[in-house]
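Structure assessment
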Amino acid sequence: MTTQKNKTQIVNLGRLKTAELKPKRAKRRANNEGSIYFDQKKKIWIAQLQLGIHPQTGRLIKKTRTGHTQKEALEKLTAMKEKYAVVTH
């Protein structure tokens, strides 16, 4: 027969185990930093940068580059940010 103390220990251990198994949340990028994601179907990493809104059509202007690795896609995103940077004073 288990005592009340043993039951609470088992419950507490159960909570610790479930807390350890929770996946970590993905880190979020700030606004205007672009996005990087993996396309399962094409098996490639995609870097995407939103540049603004087209004045006549109202659609988003997006630039997209692809890479075989996440690091390669990140390098391409950084290059896009430098190329299309808008200087505001």
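Bear in mind the structure is a predicted one, so any value in this text is a computation, not a measurement. (Residues numbered from 1 in each chain as written. Predicted model: local features only at pLDDT ≥ 70, side-chain atom pairs only at ≥ 80, totals over all residues. Heavy atoms only, no water.)

**Notes on the environment of Gln48**
Formally: The way it works is that DSSP assigns letters per residue, a run of H or I at least four long becomes a helix, a run of E at least two long becomes a strand, and they are numbered from the N terminus. Residues count as neighbours in contact if any of their non-hydrogen atoms are within 4.5 Å of one another. In protein, a polar contact requires one atom able to donate a hydrogen and another able to accept it; more generally it is a pair of N or O atoms within 3.5 Å, and residues adjacent in sequence count only if both atoms are side-chain atoms.
Inspection of the secondary structure puts Gln48 in strand β2 (residues 44–53). Once residues within four sequence positions are removed from consideration, Gln48 is found in contact with Gly34, Ser35, Tyr37, Lys62, Lys63, Thr64, Leu77 and Met80. Here the side chain of Gln48 touches Thr64 through a polar contact of 3.2 Å, side chain to side chain.

**Describing unusual backbone geometry**
We count it as follows: Exposure is judged per residue with a 1.4 Å probe applied to protein chains only, and the accessible area is read against the type maximum: over 50% gives exposed, under 20% gives buried, and values in between give partly exposed.
With a phi angle near 60 degrees, Lys43 is a residue other than glycine that sits in the positive phi range. One can find Lys43 in the loop between β1 (35–39) and β2. For Lys43, a relative accessible area of 54% puts it in the exposed group.

Honestly, it's all geometry; don't read function into it.
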